[in-house]
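Chain residues, written in single-letter form:
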Amino acid sequence: MTTYDDRASLTDLTAVVERVRSSVEGVIEGKPEVVRLSLTVLLAEGHLLIEDVPGVGKTMLAKALARSIDCSVRRIQFTPDLLPSDITGVSIWDQQRRDFEFKPGAIFAQVVIGDEINRASPKTQSALLESMEERQVTIDGKTYELPSPFMVVATQNPVEMEGTYPLPEAQRDRFMARVSVGYPSAEAELQMLDVHGGLSPLEDLQPVAHAHEIVKLVEAVRDVHVSEAVRRYTVDLVAATRTHPDLRLGASPRATLHLLRAAKASAALSGREYALPDDVQALAVAVLAHRLLPTAQAQLNRRTSEQVVQEILQRTPVPAAGGRQSGFGLGRGGPDYGQQPPRRL
């Protein structure tokens with residue numbers, strides 16, 4: 001296993017991330033924070049939900065990330081008539097062998113692009129539940145393992161759009177993070193006209209990293225150190241969503257785990273071998289907001305889940321530096337964290 005103790009390997013792996021980042025940013029202009037979050041989810045072994053209005057580059061981002069890595073890629077176009085077996089696969093009777101033969105569905109790939117996932121029925125959406133959580137598919141009582149690395153990148157339009165179904169809570173909870181691409185700046189849109197005016201830049205996009213390199217990156221992220229104080233801070237943030245008066249459904253323990261994994265990946269992207277409270281804070285909205293359900297009163301007051309998470313960030317005490325005597329030290333040469341009064345972000 002590649003670890004952060006191997007400095008030469010860390011340098012090599014950092015170079016891999018930079019190649020992938022540059023490749024994706026060559027297609028998605030002016031959105032470096034969106035690209036960084038996508039890479040964070042990839043290295044944290046999570047799944048990414050890209051939500052925004054039509055035409056802002058959701059599918060383009062998913063395709064650019066997939067094509068930048070030399071691995072198997074499948075795209076699923078979610079439509080109202082899509083069946084669960086189209087995703088997971090089906091057993092077909094073979095006349096010659098006189099036995100059932102399993103025909104794998106589109107989920108059997110290392111990067112799966114689910115385009116407009118909320119245009120399929122909830123029954124079809126639920127076909128992804130087992131594969132996203134357990135990285136396996138069970139058909140007719142037999143379990144089939146999915147390849148590694150495995151990542152689902154799904155796009156969806158806001159639920160106010162015509163012909164959409166809201167994602168079930170269990171489905172949303174399996175996505176590590178949700179990101180909105182947003183409209184480009186005037187400069188980026190002008191550059192887009194020059195770059196995309198002829199052929200699509202995806203046509204010339206070549207893989208810049210291999211699947212086995214991504215596996216090594218994932219292993220390195222697992223070894224990123226997280227102090228007791230930062231772990232407690234993560235738990236406090238998530239627990240606060242379960243008692244907030246504006247929320248009728250808070251974040252799950254899976255959300256806590258996803259937030260911690262994402263923070264470790266963010267630290268790795270920053271070249272650190274330890275996670276900081278800043279890593280947790282920077283990712284809290286992206287990781288937690290899509291899992292939360294506001295109360296009816298909060299919706300009437302136009303309070304969004306993102307605003308609630310920002311409020312929780314402001315109210316939750318942040319670990320303070322200098323707590324080595326308290327046993328909260330990060331170790332590995334990093335700073336230490338104790339407790340300090342709440343601070344405004």
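The shown structure was predicted, so the numbers you read here are calculated from the model rather than taken from an experiment.

Student: Residues and numbers for the overall build of the protein, please.
Tutor: Looking only at helices and strands, the protein features 14 helices and 13 strands. Evaluated residue by residue, the protein yields a buried proportion of 52% over its 345 residues. For the protein, the accessible surface area stands at approximately 16300 Å², while carbon and sulfur atoms represent 51% of it.

Student: An account of the side chain of Thr 295 is needed here, citing residue identities and associated values.
Tutor: Mapped onto the secondary structure, Thr 295 falls in the loop between strand 13 (293-294) and helix 13 (296-300). A distance of 3.2 Å separates the side chain of Thr 295 from the backbone nitrogen of Ala 298, its partner in a polar contact. Beyond its immediate chain neighbours, meaning those up to four positions away, Thr 295 contacts Pro 245, Asp 246, Leu 247 and Arg 248.

Student: Kindly report on the sheet that holds strand 3 (residues 73-77), identifying the contributing residues and their values.
Tutor: Taken in spatial order, the 5 strands make up an open sheet running 3-6-9-1-10, and their pairing is parallel. A strand with exactly one partner marks an edge of an open sheet, and here the two such strands are strand 3 and strand 10 (177-179). For this sheet the average axis-to-axis angle between neighbouring strands, irrespective of direction, equals 20°. Where strand 6 (residues 111-115) lies against strand 9 (residues 151-156), 4 bridges are found, and the strand directions are parallel. Bridging from a neighbouring strand, Ile 113 pairs with Val 153 of strand 9.

Student: So what's going on with the packing of aromatic side chains? Which residues, and what values?
Tutor: Applying the stated rule across the entire model yields 4 aromatic pairs. Pairing Phe 102 with Phe 108 gives two aromatic rings, centres 5.7 Å apart and planes at 70°, and the pair type is edge-to-face. Residue Phe 108 is classed as buried on the basis of its relative accessible area, which comes to 18%. One aromatic cluster is present, formed by Phe 102, Phe 108 and Tyr 144 through successive ring pairs.

Student: Explain the nonpolar core residue by residue, including any values.
Tutor: Most often, soluble globular proteins have nonpolar side chains that are buried together. By size, the foremost hydrophobic cluster in this structure holds 72 residues, and its most contacted members are Val 24, Leu 39, Leu 48, Ile 50, Leu 65 and Leu 288. When residues in this core are grouped by element, the largest group, 9 residues, is from helix 11 (residues 253-269). Among residues more than four places away in sequence, those in contact with Leu 65 are Val 20, Val 24, Ser 38, Leu 39, Leu 42, Met 151 and Val 153.

Student: Just give me the short version of empty space enclosed by the protein, but keep the residues and values in it.
Tutor: Per the counting criterion, the structure on display carries 2 cavities of 30 Å³ or more. By volume, the second largest cavity is sized at about 40 Å³. Every residue lining the second largest cavity is listed: Val 16, Val 17, Val 20, Leu 39, Leu 42, Leu 43, Ile 214 and Leu 217. Listing elements by their share of the lining of the second largest cavity, those giving two or more residues are helix 1 (7-25), helix 2 (32-43) and helix 9 (211-222). Residue classes in the lining of the second largest cavity are distributed as 8 nonpolar, no polar and no charged.

Student: Describe unusual backbone geometry, and please don't skip the residues or the numbers.
Tutor: The linkage connecting Ser 148 with the following residue, Pro 149, adopts the cis geometry, with an omega of -5°. Within the secondary structure, Pro 149 is located in the loop between strand 8 (142-145) and strand 9. Although it is not a glycine, Arg 135 adopts a positive phi angle of roughly 55°. Residue placement: Arg 135 occurs in the loop between helix 6 (129-134) and strand 7 (136-139). A positive phi angle, near 60°, is found at Arg 302, a position not held by glycine. Its place among the elements puts Arg 302 in the loop between helix 13 and helix 14 (305-315). On the basis of relative accessibility, which here comes to 72%, the residue Arg 302 falls in the exposed class.

Student: Describe the layout of surface pockets, listing the residues and the values that go with them.
Tutor: One number sums up the size of the largest pocket: a volume of about 760 Å³. Contributing elements (two or more residues each) for the lining of the largest pocket: strand 10, helix 12 (277-288), strand 13 and helix 14. Its residues assigned to classes, the lining of the largest pocket shows 12 nonpolar, 7 polar and 9 charged.

Student: Explain helix 14 to me, and be specific about the residues and the numbers.
Tutor: Buried residues of helix 14: Ser 305, Val 308, Val 309, Glu 311, Ile 312 and Leu 313, and no others. Buried positions along helix 14 lie against helix 10 (228-243), strand 12 (247-249), helix 12 and strand 13.

Student: So, the packing of helix 11 against helix 12: which residues are in play, and what are the values?
Tutor: Between helix 11 and helix 12, the least distance of the axes is 9 Å, while the angle of their chain directions is 130°. One way to sum up the angle between helix 11 and helix 12 is to call them oblique. Crossing geometry of helix 11 relative to helix 12 is assigned as right-handed. Residues Ala 255, His 258, Leu 259, Ala 262, Ala 263, Ser 266 and Ala 267 of helix 11 form the contact with helix 12, whose own contacting residues are Asp 279, Val 280, Leu 283, Ala 284, Val 287 and Leu 288. Its residues assigned to classes, the contact of helix 11 with helix 12 comprises 10 nonpolar, 2 polar and 1 charged.

Student: Would you mind going over the environment of Gly 250 in detail, with residue names and values included?
Tutor: Relative to the helices and strands, Gly 250 resides in the loop between strand 12 and helix 11. Each C-alpha atom, one on Gly 250 and one on Leu 293, is 7.0 Å from the other, the two residues being 43 residues apart in sequence. Setting aside residues up to four positions removed in sequence, Gly 250 forms contacts with Thr 241, Arg 242, Arg 291 and Leu 292.

What counts, and at which threshold
- Residues numbered from 1 in each chain as written.
- Predicted model: local features only at pLDDT ≥ 70, side-chain atom pairs only at ≥ 80, totals over all residues.
- Heavy atoms only, no water.
- Helix = DSSP H or I, 4+ residues; strand = E, 2+ residues; numbered from the N terminus.
- Buried < 20%, exposed > 50% of the residue type's maximum accessible area, 1.4 Å probe, protein only.
- Areas by Shrake-Rupley, 256 points an atom, 1.4 Å probe, with all protein chains shown as cover.
- Polar contact = N/O pair within 3.5 Å; in protein donor to acceptor, adjacent residues only side chain to side chain.
- Contact = heavy atoms within 4.5 Å.
- Pairing = 2+ DSSP bridges.
- Axes fitted to C-alpha atoms, helices over the stretch in contact; angles between N-to-C directions.
- Phe/Tyr/Trp six-rings, centres within 6.5 Å; stacked < 30°, edge-to-face > 60°.
- Core = buried A, V, L, I, M, F, W, Y, C linked by side-chain atoms within 4.5 Å.
- 1 Å grid on protein atoms, 1.4 Å probe; cavity = no way out; pocket = protein on both sides within 12 Å on 5 of 7 lines; lining within 4 Å.
- Points joined across faces, edges and corners; volume = space filled by probe spheres on them.
- Nonpolar A, V, L, I, M, F, W, Y, C, P; charged D, E, K, R; others polar.
- Parallel < 35°, antiparallel > 145°, perpendicular 65-115°, else oblique.
- Left-handed = near helix turned anticlockwise from the far one by under 90°.

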